[in-house]
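Residue-level structural notes
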Amino acid sequence: MLIVHHLNNSRSQRILWLLEELEVPYQIKFYQRRPDRRAPKEAFDLHPLGKFPIITDGDVTLAESGAIIQYIINKYANGRLTPPKQGELIDIYFTHFSEGSLMPSLTNRYIFSLVPSQAPFFLRPLLKQLFSVLDTKIVAGPLNANLKYVEDALDRSPTGWFAGGPNPTMADYMMSFGLDTVATLMPDLLGPKTKAWVARVHDRPAFKRVSAYIEGNPRSSKL
Ligand SMILES: N[C@@H](CCC(=O)N[C@@H](CS)C(=O)NCC(=O)O)C(=O)O
């Protein structure tokens, strides 16, 4: 059976949502972030890079959420997630935009906020001010541009899903973690179409099952 190795509060939510939508049987093994938010050491027993999500499926061990999503769709979706013809390129584009553009700009914001808090305490006020200026100069522009681009793309969609089909496709699964993070931590950065997209994702019964399951079992493992 397919096993999802799930780190709390991480990109592996994408995988769980997809599996629930496709009703693929799977088991989940929970891992908890360390106090410094890094993955626990067991991650390296699974994969040399020690990053989540990771799945194991028979002889296959696979990391990198985009690769995992594509693997699951190829193996288990039986054509159910095929985007409409006119949305094919958009689906590919936002599938890659997610890890190639959106997540790096969010990670930059996270790192710029982290540096001052990790410094010796007497330097923190100064570094906080400095990194706030640097964030405005270096991070805010690309992040805001990415989110505006997302808003415009969703505005053009006839259904509100990225590829314009009746149901979410690969791009929606990939975009879910990043946009959910912005909706939670920086909601003012999202336009109305993007906020509606996040609400639509949260409203999916499959997504609700994942949320309830994760919240109910933050430390336990079914394995
Ligand atoms: N591009 C990779 C990113 C993997 C990644 O950075 N995962 C984070 C969780 S969202 C992680 O494992 N962080 C813990 C660490 O780096 O120690 C993917 O999409 O899977």
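Bear in mind that the values here come from a model prediction, so they are computed numbers and not experimental data.

Here we come to the overall build of the chain. When helices and strands are counted, the chain shows eight helices and four strands. Helices and strands appear in the chain in the N-to-C order β-α-β-α-β-β-α-α-α-α-α-α. What you see for the chain is a C-alpha radius of gyration of 18 Å, in line with the 17 Å of a compact globule of 223 residues. For the chain, with 223 residues in total, the buried portion stands at 47%. Sequence-distant contacts in the chain: of pairs separated by 6 or more residues, those separated by 24 or more amount to 67%. Within the structure as shown, the chain displays about 11,900 Å² of accessible surface, and the carbon and sulfur contribution to it stands at 58%. Placing the 26 positive and 21 negative side-chain charges of the chain at their respective mean positions leaves the two points 5 Å apart.

As a further point, take the domain arrangement of the chain. When its domains are assigned, the chain resolves into domain 1 (2-81 + 207-216) and domain 2 (85-204). Counting residues at the interface gives 17 residues for domain 1, matched by 17 residues for domain 2. Of the roughly 1,700 Å² buried between domain 1 and domain 2 on both sides combined, carbon and sulfur atoms contribute 61%. Seen at the junction of domain 1 and domain 2, the total is four salt bridges. Two residues, K208 and D203, come together in a salt bridge whose shortest N-O distance is 3.6 Å. Linking domain 1 with domain 2 are eight residue pairs in polar contact (both at pLDDT 80 or more). Looking at the side of domain 1 that touches domain 2, the elements that each hand over two or more residues are α1 (12-22), α3 (65-76) and α8 (205-216).

With that settled, consider helix α6 (residues 170-185). Across its 16 residues, α6 extends 24 Å between first and last C-alpha, which sits within 8% of the 22 Å expected from 1.5 Å per residue. Of all the bends found along α6, the most pronounced is centred on S176 and spans about 45 degrees. The buried fraction of α6 amounts to 12 of the 16 residues, a majority that puts the element mostly inside the structure. Of all the positions in α6, only M170, A171, D172, Y173, M174, M175, S176, F177, G178, L179, D180 and V182 are classed as buried.

In this section: the pattern of salt bridges. Pairs may arise between side chains of opposite charge once their charged atoms sit close together. Within the structure shown, the criterion is met by 11 salt bridges. In this structure, the salt-bridge partner of D135 is R109, at a minimum N-O distance of 2.7 Å. Highlighted residues: D135 in helix α5 (residues 124-156) and R109 in helix α4 (residues 88-118), separated in sequence by 26 residues. One exposure class covers both D135 and R109, and it is buried. Residues K148 and D152 are paired through a salt bridge, measuring 2.7 Å at the closest nitrogen-oxygen approach. Highlighted residues: K148 and D152, both in helix α5, separated by four residues, approximately one helical turn. The network of salt bridges with shared partners includes R11, R14 and E99.

So, on to the pairing of strand β4 (residues 60-63). Where strand β3 (residues 54-57) lies against β4, four bridges are found, and the strand directions are antiparallel. Counterpart to T56 in the pairing with β4 is T61. Here β3 hands over to β4 after two residues, with G58 in that stretch at a positive phi of 65 degrees.

Cis geometry is found at the peptide bond from F52 to P53, where omega equals 5 degrees. Secondary-structure assignment places P53 in the loop between α2 (43-46) and β3. Backbone geometry places E23, a non-glycine residue, at a positive phi of 55 degrees. Among the residues examined, E23 registers a relative accessible area of 64% and is labelled exposed. For N78, which is not glycine, the phi torsion reads 45 degrees and is therefore positive. By the element assignment, N78 lies in the loop between α3 and α4. Relative accessible area serves as the criterion here: at 69%, N78 is assigned to the exposed category.

The rules we used
Residues numbered from 1 in each chain as written. Predicted model: local features only at pLDDT ≥ 70, side-chain atom pairs only at ≥ 80, totals over all residues. Heavy atoms only, no water. Helix = DSSP H or I, 4+ residues; strand = E, 2+ residues; numbered from the N terminus. Rg over C-alpha atoms; globule rule 2.2 N^0.38 Å. Buried < 20%, exposed > 50% of the residue type's maximum accessible area, 1.4 Å probe, protein only. Contact = heavy atoms within 4.5 Å. Areas by Shrake-Rupley, 256 points an atom, 1.4 Å probe, with all protein chains shown as cover. Lys, Arg positive; Asp, Glu negative; His and termini not counted. Charge placed at Lys NZ, Arg CZ, Asp CG, Glu CD. Domains from an automatic or database assignment. Buried area = accessible area lost by both parts, 1.4 Å probe. Salt bridge = Lys/Arg side-chain N within 4 Å of Asp/Glu carboxyl O. Polar contact = N/O pair within 3.5 Å; in protein donor to acceptor, adjacent residues only side chain to side chain. Expected span 1.5 Å × (residues − 1). Bend = angle between axes of the 7 residues up to and from the residue. Pairing = 2+ DSSP bridges.

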